[in-house]
Amino acid sequence: MEVLGEIPKVLVLLQIAEGAGGGVTGCWDPPARPPLLPASASDRDLPPPTGIFCFPGAKILYRRANPTIPAPTRREPRRSQWHVSTQRGTASFLIRHGSTLLPPLPLSAAVSRPRGLFGTGMAEQELPEEAEPVSAEAVLRELRLFELCCRDEDVPARLVELCLTHGLGPVALANELLAFVTSKGLDTELSSDSLDTFEHEVLIKRSRRAPQKRDNRYSGLHDIHSLQELLDEEEEDELLDAYTTPSKNSQKRPNCTPETPRPKRSLSSRSPYALFSPSSFSPSVTPSQKYSARSSRGEVVASFGSIQGPSWTGHGGRGCTLGLFGSPEENLTKAYKFMFQKALDVREVLLWRIEELGNALKNHHQLEDFTSVSLPAQEAVTVLGQIGCDSNGKLNAKSVVLEGDWEHSSGGQIPLDLSELREYSFFPGQVVALEGTNSTGRMMVVSKLYEGVPLPFHTPTEPASEQRMVLVACGPYTPSDSIGYDPLSDLVTVITRDRPDVCILFGPFLDAKHEQVENCQLLGSFPEVFKLCLKMIIEGTRSAGSQLVFVPSARDVHHDCVYPQPPFCYPELPKEDKQRVHFVSDPCTLEVDGVVLGLTSTDLLFHMGAEEISSSSGISDRFTRILKHILTQRSYYPLYPPSEELNIDYESFYSYASLPVTPDVLITPSELRYFVKEVLGCVCINPGRLTKGTVGGTYGRLYLQRDNTGDERKSPCVAAQVVKI
């Protein structure tokens, strides 16, 4: 039973006063009626006065005579303090929520004025109360009963405004304020800021759960802003919903519509393309002018391979086989518990990685046994460990240290002298095998770096299938100056036109970095907006028949912000779409007709690019070096320590963030410039983001077809392009 604001359950304590000598106490769990003791019961029939009997599901232990105790409801807000006249004294109800016990009214005040927390009632009858007009004096009088006062001069006018806006009387408003102030532990002096918070956390949420018509008693009391009463009931509800979250700089918001009145709309009667007009979830109805005025739509900005035919078209997913690579135990398919991570567990995972990659380096380069990093040696020795930094700053050539493995070095560290190493590329967390001299045991002069070894490619046994088209896009799907999903609508149009076999869509679908999301200015909850976004994509692409793959992002404001990230949960998915809609984790490895695709929405290129240092005599761009590190380190995120914006659960990281094989295609969306490259036989593509600030961005498309002829492996990625939306 909900009585006060957001309080989910209320236990009411009944205290029987016995003059100045204290009393006995019981509990009432509304709306149950307590048992009745006859008026002739003696004192020994009463429970001993041992304090408060309060526990979940408790009842009043006794009551005298036959008092009528009506159940308090929200439609009777003027009933505040329950009173029962008995032979022993006066009963007064208190509220307890969690561990918070509100101070009771003095019994003398309660008897003289039967108002307070819930309602009125004396002896065996209920005393009716006339409706009291809403005025500043009436509201302040009710607040003074609970020792609440006003800090600013404009607070009384704001209180009257809350009463008129939400259809509350002075008593009901005082009840709600008392519960809010007590449960939040706030100051009893009310300010404009505290009233704003109270309205959005209590009154508006309550009106959403149980919308009620305004009380006709106040129909004659209007100010200049109450002309919205002329609107129909639907627009009236939307008016209240428009004030879900206060703006940062406003101390007091007027009781009016946003800057432009929102027209009536019916989502059920609109096509999925129109679900996300700029006015759907944002107080601002101005669409992004820069996005609408963009040029070079459909321009190809990056290419790879050769294209057969004048246009890109698919088969709409007909006959396409898509699934997770490997066994179900090797893939993250559901949410998991995270946090409370121990440092020893993190260390153990890192040591496992060093041991595994060390064995691969040792076998590939035919190295002898490794030496301890702290053992002095005049001759060249080979050591194994992980690159680190000697401070909390950025890695540089003078701050590189090697953290040795546990088996040979017991986790010891040693600084590295890179002056004799002509070419190198290091980043924190990189597992390496180095050769050099360590004459003093305090500094190792490195003379040789052993390159990492990538995993082998997957060799499918089934025959090659026909050519498949894959479309790849990454969020955000809205411009930064508007919450309108116009770019996503344009992408759905492209999917419907080209009918790709597979569409891989990376988050964020509702960007946590969007200004209106950060300021909580949306008119719907985050999960609601996300579900409507999914509905738009699924229904809009149903005619194309394309297989849809949704990859979450750490910037999805409604989803678990942990890495590896579990897949989205969408139980409302229609039965007709379950065969073609797939929700996967970040990262994950997919298999499309025998072609292995590595997917990650984490901006690994940006994170590693900020930490990597290199020295090269040849022409080697940073993107190629970073991609090579990903493949040779055999991990979707080899950086350690990770970026501050990434929360890694290392127990799950070891199980789900490692590369099972070298993928045929690696898709790594990034804020950095788009590209398509072939690195160590793997085609790597950064499709960019669908929007870049206020302007349109890019998406990617690929042609995949395996070639089993000949002994030499050929890349199944026939062609790839990055195209402007």
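Quick caveat, the model's predicted, so the values are computed rather than measured.

A. Focus on the confidence of the model for the chain. With 70% of its residues at a pLDDT of at least 70, the chain reaches an overall mean of 76. Note that residues 211-234 has pLDDT below 50 and, in this model, 26 contacts with residues that lie over four places away or in other chains. Confidence drops under a pLDDT of 50 for residues 243-280, and excluding neighbours within four residues, the segment shows 92 contacts in the predicted structure.

B. Region of interest: the nonpolar core. Within the largest apolar cluster, 34 residues are counted, with the highest numbers of intra-cluster contacts made by Y477, L491, F509, F550 and Y699. Counting residues per element, the ones that place at least two in this core are strand 16 (468-474), helix 10 (486-498), strand 17 (502-506), helix 12 (526-540) and strand 18 (547-551). Per element, the largest residue contribution to this core is seven residues, and it comes from helix 12. In this structure, L491 is in contact with L471, A473, Y477, L505, L690, Y699 and I725, ignoring residues within four places of it in sequence. Residues I504, V592, A720 and V722 belong to the second largest nonpolar core, which totals 30 residues.

C. Structural detail: the pattern of salt bridges. Under the defined criterion, the tally for this structure stands at 27 salt bridges. Residue E466 is joined to R468 by a salt bridge in which the shortest nitrogen-to-oxygen separation is 3.3 Å. For E466, a relative accessible area of 36% corresponds to the partly exposed category. Classification of R468 by relative accessible area gives buried; the value is 3%. Residue K714 is joined to D707 by a salt bridge in which the shortest nitrogen-to-oxygen separation is 3.5 Å.

D. Local environment of the packing of aromatic side chains. In total, this model carries 17 aromatic pairs according to the counting rule given. Their ring planes at 45° and their centres at 4.6 Å tell us that F530 and F568 sit as a pair that is tilted. Of the two residues, F530 is situated in helix 12 and F568 in the loop between strand 18 and strand 19 (581-583); the sequence distance between them amounts to 38 residues. Here F530 and F568 have matching classes, each one buried.

E. Representation of helix 10 within the structure. The first and last C-alpha atoms of helix 10 sit 19 Å apart over 13 residues, in line with the 18 Å expected at 1.5 Å per residue. Taken together, the buried positions of helix 10 are occupied by P487, L488, S489, L491, V492, V494, I495 and D498. Contacts made by the buried residues of helix 10 are with helix 7 (289-292), strand 16, strand 17, helix 12, strand 26 (691-692) and strand 28 (698-704). At the exit of helix 10 stands R499, carrying a positive phi of roughly 50°.

F. Structural detail: the side chain of T698. Along the polypeptide, T698 turns up in strand 28. A residue is classified by how much of its surface remains accessible, and T698, at 6% relative accessible area, is buried. Within the structure, the side chain of T698 is placed 2.6 Å from the backbone oxygen of P687, a separation counted as a polar contact. Among residues more than four places away in sequence, those in contact with T698 are V301, Y674, P687, G688, R689, L690, V722, V723, K724 and I725.

G. Fine view of the packing of helix 2 (residues 136-145) against helix 3 (residues 155-166). Between helix 2 and helix 3, the shortest axis-to-axis distance is 9 Å and the interhelical angle comes to 100°. In this view, helix 2 runs roughly perpendicular relative to helix 3, as classed from their interaxial angle. Together, A136, V139, L140 and L143 of helix 2 and P156, L159, V160 and C163 of helix 3 make up the contact between the two elements.

H. Examining the pairing of strand 24 (residues 675-679) more closely. Looking at chain direction, strand 24 and strand 25 (residues 682-686) are connected through five bridges and run antiparallel. Note on strand 25: the bridge partner recorded for V676 is I685. Where strand 24 folds back onto strand 25 in an antiparallel hairpin, the turn is made up of two residues, including L680, whose phi is positive at roughly 55°.

I. Examining the sheet that holds strand 19 more closely. Reading across from one edge, 8-29-28-16-17-18-19 is the order of the seven strands in this open sheet, with mixed pairing throughout. If you trace the sheet from one side to the other, it starts and ends with strand 8 (300-305) and strand 19, each paired once. Neighbour to neighbour, the strand axes of the sheet diverge by 15° on average, direction disregarded. Sheet topology places strand 16 next to strand 17; five bridges connect them, and they run parallel. Bridge pairing in strand 17 links A473 to L505. Contacts between helix 10 and the sheet are confined to strand 16, strand 17 and strand 28, with strand 16 contributing the most and set at about 180° to the helix. With respect to the sheet, helix 12 is in contact with strand 17, strand 18 and strand 19, its orientation differing from that of strand 18 by roughly 160°.

J. Representation of helix 12 within the structure. Compared with an ideal rise of 1.5 Å per residue, which puts 15 residues at 21 Å, helix 12 spans 21 Å between its outermost C-alpha atoms and is within 8% of the ideal. When helix 12 is considered as a whole, its buried residues turn out to be V529, F530, L532, C533, L534, M536, I537, I538 and G540. Buried positions along helix 12 lie against helix 10, strand 17, strand 18 and strand 19.

K. A look at the packing of helix 10 against helix 12. Two elements in contact, helix 10 and helix 12, have axes separated by 10 Å at closest approach and are oriented at 20°. Considering their axes alone, helix 10 and helix 12 lie roughly parallel with respect to each other. Like other packed secondary-structure pairs, helix 10 and helix 12 cross with a definite hand, here right-handed. Contacts between helix 10 and helix 12 involve L488, S489, V492 and T496 on the former and, on the latter, C533, M536, I537 and G540. Residue classes in the contact of helix 10 with helix 12 are distributed as five nonpolar, three polar and no charged.

L. Structural view of the pairing of strand 28. Burial within strand 28 is extensive, with seven of its seven residues counted as buried. Across five bridges, the pairing between strand 16 and strand 28 is antiparallel. Its bridge partner being in strand 28, V472 is matched across the sheet by G700. Alignment of strand 28 against strand 29 (residues 717-724), held across seven bridges, turns out to be antiparallel. Note on strand 29: the bridge partner recorded for R701 is Q721.

Calculation rules
Residues numbered from 1 in each chain as written. Predicted model: local features only at pLDDT ≥ 70, side-chain atom pairs only at ≥ 80, totals over all residues. Heavy atoms only, no water. pLDDT = per-residue confidence, 0-100. Contact = heavy atoms within 4.5 Å. Core = buried A, V, L, I, M, F, W, Y, C linked by side-chain atoms within 4.5 Å. Buried < 20%, exposed > 50% of the residue type's maximum accessible area, 1.4 Å probe, protein only. Helix = DSSP H or I, 4+ residues; strand = E, 2+ residues; numbered from the N terminus. Salt bridge = Lys/Arg side-chain N within 4 Å of Asp/Glu carboxyl O. Phe/Tyr/Trp six-rings, centres within 6.5 Å; stacked < 30°, edge-to-face > 60°. Expected span 1.5 Å × (residues − 1). Polar contact = N/O pair within 3.5 Å; in protein donor to acceptor, adjacent residues only side chain to side chain. Axes fitted to C-alpha atoms, helices over the stretch in contact; angles between N-to-C directions. Parallel < 35°, antiparallel > 145°, perpendicular 65-115°, else oblique. Pairing = 2+ DSSP bridges. Left-handed = near helix turned anticlockwise from the far one by under 90°. Nonpolar A, V, L, I, M, F, W, Y, C, P; charged D, E, K, R; others polar.

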